[in-house]
Amino acid sequence: MGERYCDVALPVPLRRLFTYRVPEQFAAGVEAGSRVVVPFRNRVMVGVALATSDSPPETDKVKSVLDVPDVIPALTENVVRLGRWVAEYYLAPPGEVFRAVLPPAVEIRRERHFAITEAGRERWAELAGERRVSPQRRKGSREGREEKPAEEGGAKDPSGLDLTGGGWPDSIEARSEAERTDAAVLGAIAEAGGEITGARLARLVRHDGVEGAIERLMGRKFLEMRETAGRRRSRGQKIVAWKGDAEAASEAENRVRDALLAAGALPVVVAARQAGVSRAVIERLARQGKLESWEEAFGAEPEEIDADEFAPIRELTGGQERVIGEIRGWIAEGVFQTGLLFGATGSGKTEVYLRAVETALALGRGAVLLVPEIALTYGVGRQARARFGDRVAVLHSALPDGERAREWWRIRRGEAPVVVATRLGVFAPVPNLGLVVVDEEQEASYKQEETPRYNGRDTAIMRAKLENAAVVLGSATPSLESYQHARAGKYRLLELGGRVENRPMARVDVVDLRADFEESKRALPVSSAMARGIKECLESGTQALVLINRRGYSWFVLCRACGATIECANCSIALTYHKRRDRLVCHYCGYAIRVPELCPKCRSEHLYYFGEGAERIEEYLRGEFPRARVARLDRDTARSRQDFHRVLGAFARGEIDILVGTQMVAKGHDFQRVTLVGVVGADRALAVPDFRAAERAFQLLTQVAGRAGRGTLPGRVLVESYHPEHYAIQDAARQDYPAFFDQEVRFRRLMHYPPFAALANVVVRDRNLDRVLGWTRALAGYFGHCEAEGLKVLGPAPAPLARLKREHRFQFLLKSPRRSTLVRALGGCVAFCAQKEIPETAVLADVDPVSLM
């Protein structure tokens, strides 16, 4: 048998595949979709084989695959095809695409090895001077130096290294902190024989600056790094089962036997807990031969589902019956079909999804249910598990790597044919997929804002096409693109109508903040009308939900003397004030500083905190209603899924009277006791420089209005606005999507925006402004020639965020009535950049952008 080769996609920002030789011992295990461990430069990477061949590549320098960790390919054939389509359509490097697709490689253990070069030894000699002593402190080795107590001699590191200078030669003590850290790293490696593992180096030199020193020393060729990989031992647990013919000799043994016979087999810890005995009793029974035992990998703890937590399954409405019948037909026929499920908030869309999943399972096919936010996977996942048990897997990026990998492989092995996930679930390797559901299909969070910039909704449609599956896009406020496709016949429009049980929609009142200020003569965080509404709500014993789509306490800090705002050091945006942390924070890069006492520009003490965020609203409501139980839910309070579940669970149980939140509380939740929803500053979204601003404002207001009156109690919504006459505000108040669509679509057609044009946003970025300007001028010349082919080019112009994460940014907005024209222009742009040696990472092409920021 001749040698075999495979083309591998590696997680690097390069638009190419890499060919590796497949050793004979791995030949049978490598096929399209298999994960492979390969060397790349001085590192070891996990990639995915996309094709195999018996033909050798043209170059002789072909490295070999180091390991194939899986018995079966991690990706199915259709997922591989989908990944290739994403790379081509969204102009993304294939390795970056498949990095997002693959499960975490938790079974692979990587280890870095650092070696000191000859130049590094010379640098160590230079730093240490002629007295090249070890940086490790040993008693009595100071040659005349007197041991200083820790409180006098500075911070003595637990590793035995003194990085404050107490144990260094005079030449090192006089040097900078960075140079002393460099010396510690070089010295530790030299003392270890010239090479050391990263783990051992970290134990020897315990200092915050070690990683920076390593990067610095490698950049100057004083250190070399190589990486090795091996298999990590999987953590296991001992499982026990009662032997059928064994006799119990005591009451304790009887309890153990009963627990094990009822369950079949249990982990030792669980068996001891359920039987009410110590672990020693279980171990003794195993030694006596009364128990069978074996090792298994750790699995997820079974989730306890309270059947009373969810509303009982009601009789379907006529609209639901009609829609479900049509979807069942698509799944049974095994044909690709896209349906837009359009129904008011509370009209029973989730029940339609679950009934469609039942149909897919009954026909031996799998289903993927996508939700736009990680927060929503909790409620939807629990509903699905209450209905389908352990056949449900949940996937999202916030899961620990081990849990995410475990769920992935349950899906791949066919153990979990139902997947509830965020956008990454579109790549879940469900065998024989029959149904894909995209809930709240209009949400911008389905679009990934970093490479690969794919749209989960559109990718889900392509996945369904590859699988001959049905795809259902659900929303009370569909995107203009989807609704236009449905009206044009490209999608099948499935209409549900009003709420289940003929419940009325919540009454929506628009509060004119101009009139409110005229009446009160004060600018308060919430209007007087909203304060009265909350008071009435508390008096009646119901709950209120207050939405403000802005985190923090104040929007920014302004100097009243010179007019300057305190901006991020890395981005061209003002910092947001967070009172609880007492920090000014950038929500884009995470930069944070203490609040200055004086203006950094003019040294004035007159600093003014402008605007209100969720933290300020929470504080104000606590002061206005001291006896009310007030909570806040946003990214600052919900740091983990446990925090999120705790707050939402308390609100659902009635333990919170007023919940203040950002948009994460605006959609997908079903709170039966909420009778008032207040929207603070509803029209702020209209000021965003984006052609979708009105659409987003309408969608958010309509969705949050749908949280009120979902139970038997009537609901009311108060929408604060300085522009109450705007059509997005008015149509949202009436919850009239067709009217909004007709108004907005005229603007889109006039200005040649989607759904009447294909759109791409090309951003040129770099930390060096001169380089960015040069590349931008070159691309302007290229795109200028494309305009003769029917491409409309807006720009170049500074991006709305002209500087982001230290990078200067300029952008081109490309529009064309024909997608083929746009595709040709973008393909030519990639070739042009390669010809002009413009780095691939410097030019970002966002196809079908949902935000122009």
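Residues numbered from 1 in each chain as written. Predicted model: local features only at pLDDT ≥ 70, side-chain atom pairs only at ≥ 80, totals over all residues. Heavy atoms only, no water.

Before going further, it helps to examine the overall build of the chain. Tallying secondary structure elements over the chain gives 26 helices and 32 strands in all. The buried share of the chain, taken over its 853 residues, is 51%. Of all intrachain contacts in the chain linking residues separated by at least 6 positions in sequence, the fraction that spans at least 24 positions is 75%. With an accessible surface of roughly 39,800 Å², the chain has 48% of that area assigned to carbon and sulfur atoms. (Helix = DSSP H or I, 4+ residues; strand = E, 2+ residues; numbered from the N terminus. Buried < 20%, exposed > 50% of the residue type's maximum accessible area, 1.4 Å probe, protein only. Contact = heavy atoms within 4.5 Å. Areas by Shrake-Rupley, 256 points an atom, 1.4 Å probe, with all protein chains shown as cover.)

Moving on, we come to helix α14 (residues 374-388). Between its terminal C-alpha atoms α14 stretches 20 Å, which fits the 21 Å expected from 15 residues at 1.5 Å a residue. The first or second residue beyond α14 is Gly 389, which carries a positive phi of 70°. (Expected span 1.5 Å × (residues − 1).)

Turning to the pattern of salt bridges, a few remarks are in order. Two side chains of opposite charge can pair, provided their charged atoms sit close to one another. Per the counting criterion, the structure on display carries 47 salt bridges. Close ionic contact of Arg 35 with Asp 70 constitutes a salt bridge, the shortest N to O distance being 2.8 Å. With Arg 35 in strand β3 (residues 35-40) and Asp 70 in the loop between β4 (43-53) and α1 (77-89), this residue pair connects regions lying 35 residues apart in the sequence. Grouping residues by exposure puts Arg 35 and Asp 70 together as buried. (Salt bridge = Lys/Arg side-chain N within 4 Å of Asp/Glu carboxyl O.)

General note: in soluble globular proteins, nonpolar side chains tend to be found buried as a group. By size, the foremost hydrophobic cluster in this structure holds 114 residues, and its most contacted members are Leu 75, Leu 633, Leu 779, Phe 783, Leu 814 and Leu 826. Among residues more than four places away in sequence, those in contact with Phe 783 are Val 762, Leu 791, Val 793, Phe 812, Leu 814, Ala 825 and Cys 829. Of all hydrophobic cores here, the second largest spans 31 residues; its members include Ile 327, Tyr 353, Leu 354 and Phe 388. (Core = buried A, V, L, I, M, F, W, Y, C linked by side-chain atoms within 4.5 Å.)

Next up on the list: the confidence of the model for the chain. Low-pLDDT stretches of the model should not have their predicted coordinates read in fine detail. For the chain, mean pLDDT is 85; residues scoring 70 or higher make up 89% of the total. Confidence over residues 130-174 falls short of pLDDT 50; this stretch has 75 contacts with residues more than four positions distant or in other chains. This stretch, residues 302-312, has a pLDDT under 50; its non-local contacts, to residues over four places away or in other chains, come to 14 contacts. (pLDDT = per-residue confidence, 0-100.)

Attention now moves to the sheet that holds strand β6 (residues 195-197). Taken together, three strands build an open sheet; the order of strands is β6-β5-β7 and the sheet is antiparallel. Because the sheet does not close on itself, it has two edges, and the strands there are β6 and β7 (223-231). Averaged over all pairs of adjacent strands, the angle between strand axes in this sheet comes to 25°, irrespective of strand direction. Summarising the sheet, strand β5 (residues 108-116) and β7 pair through nine bridges and their orientation is antiparallel. Paired with Arg 112 across the strands is Glu 227, a residue of β7. (Pairing = 2+ DSSP bridges. Axes fitted to C-alpha atoms, helices over the stretch in contact; angles between N-to-C directions.)

A word on empty space enclosed by the protein. One water molecule sets the probe size; rolling that probe over the atoms shows where empty space is left. This structure, assessed with the given rule, holds one cavity of 30 Å³ or more. In this model, the largest cavity occupies a volume close to 40 Å³. For the largest cavity, the full set of lining residues is Ala 100, Val 101, Leu 102, Pro 103, Pro 104, Leu 395, Arg 404, Trp 408 and Leu 424. Listed by contribution, the elements that provide at least two residues to the lining of the largest cavity are α2 (94-101) and α15 (401-412). (1 Å grid on protein atoms, 1.4 Å probe; cavity = no way out; pocket = protein on both sides within 12 Å on 5 of 7 lines; lining within 4 Å. Points joined across faces, edges and corners; volume = space filled by probe spheres on them.)

Overall, the coordinates contain 23 aromatic pairs when judged by the stated rule. Geometrically, the ring pair formed by Phe 18 and Phe 40 is edge-to-face, given 5.2 Å between the ring centres and 75° between the ring planes. Within this pair, whereas Phe 18 is found in strand β2 (residues 18-22), its partner Phe 40 is found in strand β3, the two being separated by 22 residues in sequence. Of the two residues examined, Phe 18 and Phe 40, each falls in the buried class. Ring geometry for Tyr 608 and Phe 610: centres 6.3 Å apart, planes at 70°, overall edge-to-face. Ring-pair connections join several aromatic residues into one group, and the members of that group are Phe 342, Tyr 483, Phe 698, Tyr 727, Tyr 737, Phe 740 and Phe 741. One Lys or Arg, Arg 550, reaches over the ring of Trp 555 and ends 4.2 Å from the middle of that ring. Above the plane of the ring of Tyr 753 lies Lys 815, whose end atom (NZ or CZ) is 4.1 Å from the centre. (Phe/Tyr/Trp six-rings, centres within 6.5 Å; stacked < 30°, edge-to-face > 60°. Lys NZ or Arg CZ within 6 Å of the ring centre and 35° of its normal.)

Attention shifts here to the state of the cysteines. Within the structure shown, the criterion is met by zero disulfides. For Cys 559, which is in no disulfide, the shortest distance to another cysteine sulfur is to Cys 602 and amounts to 3.6 Å. Cysteine Cys 586 shares no disulfide, and the gap to the nearest cysteine sulfur, in Cys 589, comes to 3.8 Å. On the basis of relative accessible area, Cys 586 is assigned to the buried category, the value being 3%. (Disulfide = S-S within 2.5 Å.)

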